[in-house]
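So the chains spell out like this:
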Amino acid sequence: MALIPYDPFRHLESIRRDMNRFFTSDFPSLFAHMDEQHWMPRMDMHETANEYVVSCDLPGLERKEDVHIDVNNNMLTISGTIQRHHDVKEEQMHRRERFFGRFQRSIALPADAATENIRATYKNGVLDIHIPKTTAGTKKRVDIEFH
């Protein structure tokens, strides 16, 4: 019979798995019907040679007035409201997982992001924000004089 060293934290691993399963399954949908729920949409940010592109999943927007994009102190904030028109009575609803209500998401922009010529497009449930890079903040190597 092999001896197995005692690990006092071995049981915590199963608790962690159970908690992860609980919070990633139906937990968020329990409160999805509340209008006051705040939702953080998923977003990606990448850069090209001339700009930064932020892509944000916002399915269900119906009007451009339902979303706001603000830049303040190099922080990009996307906020708004997703409206859902319900033709089904609450007592007839069996499951509700699609989000509706207010949302907000903020991310810090890189130091060389130019905030004056930002443009945004919305297509197929994805909001794309194009942020140009500044040319004034180009990197310069300083020559060191050795004596």
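Relevant structure appears above.
For every chain, the first residue of its written sequence is number 1, and the numbers climb from 1 along that sequence. With the structure being a predicted model, the display of local features is reserved for residues of pLDDT at least 70 and the display and counting of side-chain atom pairs for 80 or more, all residues being used for whole-chain, interface and lining totals. Each side-chain value is worked out from all heavy atoms of the structure, with water and hydrogens disregarded.

Novice: Explain a nonpolar patch on the surface to me, please; I cannot follow it from the model alone.
Specialist: A cluster of nonpolar side chains, namely Phe9, Leu12, Ile15 and Met19, defines an oily patch on the protein surface of about 420 Å² accessible area. To qualify as a helix, a DSSP run of H or I must reach at least 4 residues; to qualify as a strand, a run of E must reach at least 2; elements of each kind are numbered from the N terminus. Checked against the element boundaries, methionine 19 lands in helix H1 (residues 10–24). A residue counts toward a patch only above 30% relative accessible area and without a salt bridge, and it is joined to like-charged neighbours within 9 Å or, for Val, Leu, Ile, Met, Phe, Trp and Tyr, to nonpolar neighbours within 5 Å. The Shrake-Rupley method, run with a 1.4 Å probe, gives the accessible areas here. Residue values count only the displayed protein chains as cover. Salt bridges are identified by distance alone: a Lys or Arg side-chain nitrogen within 4 Å of an Asp or Glu carboxyl oxygen.

Novice: Is there a simple way to think about the sheet that holds strand S2 (residues 43–47) in this case?
Specialist: Across a sheet, strands are paired by hydrogen bonds formed along the backbone, either parallel or antiparallel in direction. Overall, antiparallel pairing links the four strands, which are arranged S2-S3-S8-S7 in an open sheet. Strand pairing shows two members of the sheet lacking a second neighbour, S2 and strand S7 (119–123), which therefore form its edges. Geometrically, the sheet is characterised by an average inter-axis angle of 15 degrees between neighbouring strands, direction not taken into account. Of the pairings in the sheet, the one linking S2 to strand S3 (residues 51–57) comprises five bridges and is antiparallel in character. When the bridges of S3 are listed, methionine 43 appears paired with cysteine 56. If DSSP finds at least two bridges between two strands, the strands pair. A fitted line through C-alpha atoms represents every axis, and for helices the fit uses only the stretch in contact; the resulting angles, taken between N-to-C directions, go from 0 to 180 degrees.

Novice: What should I look at first to understand the packing of aromatic side chains in this one?
Specialist: For any pair of aromatic rings, the description consists of the separation of the ring centres together with the inter-plane angle of the planes. The pairing test for Phe, Tyr and Trp rings, Trp by its six-membered ring, is centres within 6.5 Å, and the orientation test on the planes gives stacked under 30 degrees, edge-to-face over 60, and tilted for anything in between. With the rule as written, the count across this model stands at zero aromatic pairs. We call a charge positioned over a ring when the NZ of a Lys or the CZ of an Arg lies within 6 Å of the ring centre and within 35 degrees of the ring normal. Sitting above the plane of the tyrosine 52 ring, lysine 133 keeps its charged end 5.1 Å from the centroid.

Novice: Hey, could you run me through the nonpolar core in this one?
Specialist: For soluble globular proteins, the rule of thumb is that nonpolar side chains tend to be buried together. Formed by 18 residues in total, the largest nonpolar core has its most connected members in Leu58, Leu76, Ile78, Phe103 and Ile131. Elements that contribute at least two residues to this core include exactly S3, strand S5 (75–82), strand S6 (101–108) and strand S8 (126–132). Beyond its immediate sequence surroundings of up to four residues, leucine 76 is in contact with Val54, Ile69, Asp70, Val71, Arg105, Ser106, Ile107, Leu109, Ile129 and Ile131. Side-chain atoms within 4.5 Å link the members of a nonpolar core, which is a set of buried Ala, Val, Leu, Ile, Met, Phe, Trp, Tyr and Cys residues. Burial status follows relative accessibility: with a 1.4 Å probe on protein chains alone, a residue under 20% of its type maximum counts as buried, one over 50% as exposed, and anything between as partly exposed. The contact criterion used throughout is that any non-hydrogen atoms of two residues lie within 4.5 Å.

Novice: Any chance you could explain the pattern of salt bridges here in plain terms?
Specialist: When the charged atoms of two side chains with opposite charge come close together, those side chains can pair. This structure, assessed with the given rule, holds two salt bridges. Where glutamate 47 meets lysine 133, a salt bridge forms, and the shortest distance between an N and an O atom there is 2.4 Å. With a gap of 86 residues between them, glutamate 47 in strand S2 and lysine 133 in the segment after S8 connect regions that are remote in the sequence. The shortest N-O distance in the salt bridge between aspartate 66 and arginine 63 comes to 2.9 Å.

Novice: Help me understand the pairing of strand S4 (residues 67–72), please; the structure alone is not making it clear to me.
Specialist: Regular strands place side chains that alternate from one sheet face to the opposite one. Pairing of S4 with S5 involves six bridges; the strand directions are antiparallel. The partner of valine 67 across the bridge, within S5, is glycine 80. The antiparallel pairing of S4 with S5 creates a hairpin that spans two residues between the two strands, and asparagine 73 there sits at a positive phi of about 55 degrees.

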